[in-house]
Amino acid sequence: MEGIGPVPSDSALVNPDERNTVSLTSEGSLVLRNDTLAIRDSDLDEMLRHGSRYCINFDWLIERDEAKVLKGAYANIYQGILHPEGRKVAVRIVHQWRRDHGDKLVLREVQLWCQLRHRNILPLLGITTAFADTVAMVSPWMDQNAHGYVQDRTIDPRPLIQGIANGLCYLHNHQPPVFHGDVKGTNVLISPEDQPLLTGFGLSRLADPVFDTPSEPRGGTLLWMAPENMGTGGVSREGDVWAFGMTALELFTAKLPFHDIHPHRLVRRIMKGPPNRPKRKDTYSRLIDEWWQICSLCWKRDPLSRPNMSELVDAIVTARDETSSRHTAWKRYLPTRAV
């Protein structure tokens, strides 16, 4: 859902003296001014002081389409238009019932997301308070996620998987490190240039947060969740690695992990061990031994035995080179794109 533009001067921002606004000071810190919300305490003030210096308040510059909405467990995402240029944007509003501690967790996500700058990370363009009694996050609109994208079996998933690995490697090596917490195909959007963009940072956490929030994020999605996080919904580096392996398998097969298991048996099957290797024809012979080994390493039962994302990126580069050398031999098995 995104691409990012330069930060305008203070004169282009909402007047910081106005009520009910979130705006940038001349020093670039995020400031909330809303005397009607009971969220102005010392913890929130501290959080705001560490807000992004790149986060713009779009408020009344965005027109939201109520009919175009993607409803999720954590938030709803509306399609909108950013004026005056007419750019399509996504407006992400966290559900009211999830705001257990006022807007602190929403602002925590803003504070985290706005730090991230990488070609495989969906950027945060800005925020708005125009549509709800909270801060809504604004990002570029993307038409498709990775799971839907690979339903066209002429699409080779391996460049997408490499891009996802690069994005996760960036997150894990960020200072402080960021753990995503919900890596899966639908949390990877596809840019107009066919680049994968990680999104869905509502469950992410900083390894060394610069401010305290009332609780750490908990969640994730069962089919991609590491066994050690079952029942706790913990967010960790090792959990991201497990989920990355599941996402790679998802994109190779264009199917959900454990898609053939009855929902009542899912937890027992996941605890038993990783998925079986798919048949060669189900991946158009793209899941060669080197790529299957990468997936398998992500699913080591002992979390500390799993490779880190930097090691996985190196392994993917090696597998990519090996795949390239074999491409001619397997070319007759690959589907061709319709003209």
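What counts and how
Residues numbered from 1 in each chain as written. Predicted model: local features only at pLDDT ≥ 70, side-chain atom pairs only at ≥ 80, totals over all residues. Heavy atoms only, no water. Buried < 20%, exposed > 50% of the residue type's maximum accessible area, 1.4 Å probe, protein only. Helix = DSSP H or I, 4+ residues; strand = E, 2+ residues; numbered from the N terminus. Arc of directions from axis to C-beta. Axes fitted to C-alpha atoms, helices over the stretch in contact; angles between N-to-C directions. Parallel < 35°, antiparallel > 145°, perpendicular 65-115°, else oblique. Contact = heavy atoms within 4.5 Å. Left-handed = near helix turned anticlockwise from the far one by under 90°. Nonpolar A, V, L, I, M, F, W, Y, C, P; charged D, E, K, R; others polar. Pairing = 2+ DSSP bridges. Patch = residues over 30% accessible without salt bridge, like charges linked within 9 Å, V, L, I, M, F, W, Y side chains within 5 Å. Areas by Shrake-Rupley, 256 points an atom, 1.4 Å probe, with all protein chains shown as cover. Salt bridge = Lys/Arg side-chain N within 4 Å of Asp/Glu carboxyl O. Polar contact = N/O pair within 3.5 Å; in protein donor to acceptor, adjacent residues only side chain to side chain. pLDDT = per-residue confidence, 0-100. 1 Å grid on protein atoms, 1.4 Å probe; cavity = no way out; pocket = protein on both sides within 12 Å on 5 of 7 lines; lining within 4 Å. Points joined across faces, edges and corners; volume = space filled by probe spheres on them.

## Things to note about helix α7 (residues 289-298)
Link 1 in the chain: Where α7 is concerned, the buried positions are W291, W292, I294, C295 and C298. All buried residues of α7 fall inside an arc of 155° around its axis, so they share one side.

## Here we look at the packing of helix α4 (residues 158-173) against helix α5 (residues 237-253)
Link 1 in the chain: Put simply, α4 and α5 touch, their axes get as near as 10 Å, and they point 170° apart. Relative to α5, the element α4 lies roughly antiparallel. Residue-level contacts link R158, L160, I161, I164, A165, L168 and H172 of α4 to R237, D240, F244, T247, A248, L251 and F252 of α5.

## Comments concerning the environment of R64
Link 1 in the chain: On the secondary structure map, R64 appears in strand β4 (residues 62-71).
Link 2 in the chain: Spatially, the C-alpha atoms of R64 and A90 are 8.9 Å apart, while their sequence positions differ by 26 residues.
Link 3 in the chain: Apart from residues no more than four positions distant in its own chain, R64 is found in contact with Y78, Q79, G80, I93 and F131.

## A closer look at the packing of α5 against α7
Link 1 in the chain: Packing of α5 against α7 brings their axes to within 7 Å, and their N-to-C directions diverge by 145°. In terms of crossing hand, the pair formed by α5 and α7 is left-handed. Together, V241, W242, F244, G245, A248, L249 and F252 of α5 and W291, W292, C295 and C298 of α7 make up the contact between the two elements.
Link 2 in the chain: Across the contact of α5 with α7, the residue classes break down as ten nonpolar, one polar and no charged.

## Things to note about the sheet that holds strand β11 (residues 188-190)
Link 1 in the chain: Reading across from one edge, β9-β11-β12 is the order of the three strands in this open sheet, with antiparallel pairing throughout. Only two strands of the sheet have a single neighbouring strand rather than two, namely β9 (144-145) and β12 (196-198).
Link 2 in the chain: Two strands pair when backbone bridges link them, and β9 and β11 are joined in this way by two bridges, in the antiparallel orientation. Opposite N145, over in β11, you have L189 as the bridge partner.
Link 3 in the chain: Contacts from α4 reach β11 and β12, with the element oriented near 30° to β12.

## Focus: the pairing of strand β6 (residues 87-94)
Link 1 in the chain: The buried fraction of β6 amounts to six of the eight residues, a majority that puts the element mostly inside the structure.
Link 2 in the chain: Of the strand pairs in this sheet, strand β5 (residues 75-82) and β6 are connected by eight bridges, and their pairing is antiparallel. Paired with A75 across the bridge in β6 is V94.
Link 3 in the chain: Two successive antiparallel strands, β5 and β6, enclose a turn made up of four residues, where G86 displays a positive phi of approximately 75°.
Link 4 in the chain: Here β6 runs beside strand β8 (residues 136-140); their pairing, made up of four bridges, is antiparallel. When the sheet's bridge partners are listed, R92 is paired in β8 with M137.

## Details of a nonpolar patch on the surface
Link 1 in the chain: Residues L222, V267 and M271 make up a contiguous nonpolar surface patch of about 220 Å² in total accessible area.
Link 2 in the chain: Note on placement: M271 falls in helix α6 (residues 266-272).

## Here we look at the sheet that holds β8
Link 1 in the chain: Here six strands make up an open sheet; going across it, the order is β3-β7-β8-β6-β5-β4 and the pairing mixed. Two strands close off the open sheet at either side, each with one partner strand: β3 (56-57) and β4.
Link 2 in the chain: Pairing geometry for β3 and strand β7 (residues 126-128), over two bridges, is parallel. Within β7, the residue paired with N57 across the bridge is I127.

## As for the pattern of salt bridges
Link 1 in the chain: All chains considered together, the criterion is met by eight salt bridges.
Link 2 in the chain: Note that R92 and E109 form a salt bridge whose closest N and O atoms lie 2.5 Å from each other. Of the two residues, R92 is situated in strand β6 and E109 in helix α2 (residues 104-113); the sequence distance between them amounts to 17 residues.
Link 3 in the chain: Overall, the relative accessible area of 0% leaves E109 in the buried class.

## Examining the side chain of R306
Link 1 in the chain: Positionally, R306 belongs in the loop between α7 and α8 (309-330).
Link 2 in the chain: Relative accessible area serves as the criterion here: at 7%, R306 is assigned to the buried category.
Link 3 in the chain: At 2.7 Å, the side chain of R306 and the side chain of E228 are in polar contact.
Link 4 in the chain: With residues up to four places along the chain from it excluded, the contact list for R306 reads A226, P227, E228, E238, G239, V241, W242, L297, C298, K300 and R301.

## Observations concerning the confidence of the model for the protein chain
Link 1 in the chain: With 72% of its residues at a pLDDT of 70 or more, the protein chain shows a mean pLDDT of 79.
Link 2 in the chain: When the criterion is pLDDT under 50, residues 1-53 qualifies, and its contacts beyond four places in sequence or with other chains add up to 119 contacts.
Link 3 in the chain: In this model, residues 328-334 is a region of pLDDT below 50 whose contacts with residues beyond four sequence positions or in other chains number seven contacts.

## Structural notes on empty space enclosed by the protein
Summary: where empty space remains is shown by rolling a probe the size of a single water molecule over the atoms.
Link 1 in the chain: Applying the stated rule across the entire model yields two cavities of 30 Å³ or more.
Link 2 in the chain: Taken as a whole, the largest cavity encloses approximately 120 Å³ of empty space.
Link 3 in the chain: Every residue lining the largest cavity is counted, 16 residues in all, and those nearest its centre are G181, W224, M225, G239 and A243.
Link 4 in the chain: Split by residue class, the lining of the largest cavity holds six nonpolar, eight polar and two charged.

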